[in-house]
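Here's the letter readout for the chains.
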Amino acid sequence: MEKFRRILAFLMGASIAFESLAINLFGRNFSVGFIFSGLYLLSILPLFFSKFSLLINKYGFLVSMPLLFIALLTSMNVLYYDSSYSIPVFNSTIFFCYILFISVLLHLFSDLKVFNSILSGIALGVTLLSLMYYLGFGVDVISEEERLFLFGRNPNELGVLSCIALDVIIYNWIIMDEFHIGKIRFVLILLILPLINILMATASRTALIVLCMSFIVLVLTYQCSYYLKFFVLILGCFLFVLISIVIMESDTLMAKRFAETLEGGNTSGRTDIWMSLLPFFFENPFWGVGEIGYVEISSRALLMSWQKDSLIRGYSPHNEVIAVLLYTGIMGGICMISFWVRIFFTAIKNFFLLDNVLCLLLLIPIFISIFTAQALGVKIIWIMYALVIFNFEENYNLD
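Residues numbered from 1 in each chain as written. Predicted model: local features only at pLDDT ≥ 70, side-chain atom pairs only at ≥ 80, totals over all residues. Heavy atoms only, no water.

### Regarding the pattern of salt bridges
Just so we agree on the cut-off: The rule for a salt bridge is simple: a side-chain nitrogen of Lys or Arg has to be within 4 Å of a carboxyl oxygen of Asp or Glu. Numbering of helices and strands starts at the N terminus; helices are DSSP runs of H or I of at least 4 residues and strands are runs of E of at least 2. Working definition: with a 1.4 Å probe on protein chains only, accessible area under 20% of the residue-type maximum means buried, over 50% means exposed, and in between means partly exposed.
As enumerated under the stated definition, the model contains three salt bridges in all. With its nearest N and O atoms 2.6 Å apart, the salt bridge here joins K379 to E19. Separated by 360 residues along the polypeptide, K379 in helix α15 (residues 379–389) and E19 in the loop between α1 (2–15) and β1 (22–25) bring together distant segments of the chain. Taken as a pair, K379 and E19 share a single burial class, namely buried.

Okay, here's the thing in structure tokens:
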């Protein structure tokens, strides 16, 4: 049974790269990521009976905080309900991600190997995605700025996914030789090229920041002499400057966006969005206005809303801290911010106790996404929450 669950975990990780690709089943469209995640959750159901008490005993705080937030969000959506916006009162997407977070933790209590199974699935899925782009498949939309949309994935999501895949390939597959193939593993360096290619095509500055910070972490944590580490760091800085110069002198969208950031501090309007939204927090500071009430705030503050088919939502603040405060006020903010803080310090603790560098590497896209993009309803972010906080030495085979 464990091998079967491990295979489903791998497929779930791989399917996340194709999250926006839908399959019609029984007259309804379901995303590939949802289908494989659902199958994985079904396989984990027995563990809810055998391991749930261990989960509560060890991670009770981390399990309860998001659930309280979801309850508050639902309450505010009921209070500010407006049928004209067609927004569901209960956010099933966030709840599904939360259940996925719990399920991965439960699975880790039962089988440590699932850690690498999920990450290898993600890396392979994103690598396959990048190869399909290279071959010209799946390019649905090119935005007005000519940034890449691939299989419905927006540029920032693609960029961050590419960085996560790069972390897994470089650290797990090459440095740690996960597959035990010796020197042959260095052939896997070739997989880096299509990932860098797709990252450049997205022109995502968020992804570029994640990539640079990941490189710094890898160098600083690599086990070697201080002299060699210093040399590698200097060499890395030199290469970064060199690559930056090449990007700046090239005629690419990444060069244009990079130059705008360096010269004028351009953040694609994020700063203006944050400054426009924050005053509305003080109108309902304790409880917020829910996702439904946020549509009105978005329309007033930003003169924008987001619409897909018949569903109208408020325009994303591109900052989940601000989103949480506007949705659920101080009360919901306490729940999610304390959850994120505990995630951060638990992952740092695990790094020092277990020398698990991947905990630090995965923290980078998690928190960059929280502060500059979307994270509340993103499966891969909730999966990584579980992966970075699990203490293998303390929790494995507890009874």
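### Here we look at the packing of aromatic side chains
Where we set the bar: Side-chain rings of Phe, Tyr and Trp (the six-membered ring for Trp) are treated as a pair once their centres are within 6.5 Å; stacked means planes under 30 degrees apart, edge-to-face means over 60, and tilted covers the remaining angles.
Under the counting rule described, the total for this entry stands at 19 aromatic pairs. With a centroid separation of 6.5 Å and 90° between ring planes, the pair formed by Y98 and W382 is classed as edge-to-face. Taken together, the residues Y98 in helix α4 (residues 92–110) and W382 in helix α15 connect sequence positions 284 residues apart. Taken together, the ring pairs connect F90, F95, Y98, F101, F339, W382 and Y385 into an aromatic cluster.

### Quick word on α15
Burial analysis of α15 places 11 of its 11 residues in the buried class, the great majority of the element. Among all positions in α15, only K379, I380, I381, W382, I383, M384, Y385, A386, L387, V388 and I389 are buried.

### Focus on the confidence of the model for the chain
Quick reminder of the rule: pLDDT is a residue-level measure of predictor confidence that goes from 0 to 100.
With 80% of its residues at a pLDDT of 70 or more, the chain shows a mean pLDDT of 81. Within the chain, strand β5 (residues 305–308) has the poorest average pLDDT of any element, 50, and α4 the best, 94.

### Some words on the packing of α1 against α4
Stated formally: In this analysis an axis means a line fitted to C-alpha atoms, helices contributing only their contacting stretch, and an angle means the value between N-to-C directions, from 0 to 180 degrees. Every angle not falling under 35 degrees, over 145, or within 65 to 115 is termed oblique; those three ranges are roughly parallel, roughly antiparallel and roughly perpendicular. In this scheme, a crossing is called left-handed if the near helix is turned counterclockwise away from the far one by less than a right angle; it is called right-handed if the turn is clockwise. Contact criterion: two residues are considered in contact whenever any of their non-hydrogen atoms come within 4.5 Å of each other. Ten residues, namely Ala, Val, Leu, Ile, Met, Phe, Trp, Tyr, Cys and Pro, are considered nonpolar, four, namely Asp, Glu, Lys and Arg, are considered charged, and the remaining ones, Gly among them, are considered polar.
Look at α1 against α4: their axes get within 12 Å of each other, and the N-to-C directions meet at 140°. With respect to α4, the axis of α1 lies oblique. Seen from above, α1 lies across α4 with left-handed handedness. Taken together, the residues of α4 that come into contact with α1 (itself represented by E2, R5, R6, A9 and M12) are L100, H107 and S110. When its residues are assigned to classes, the contact of α1 with α4 shows three nonpolar, two polar and three charged.

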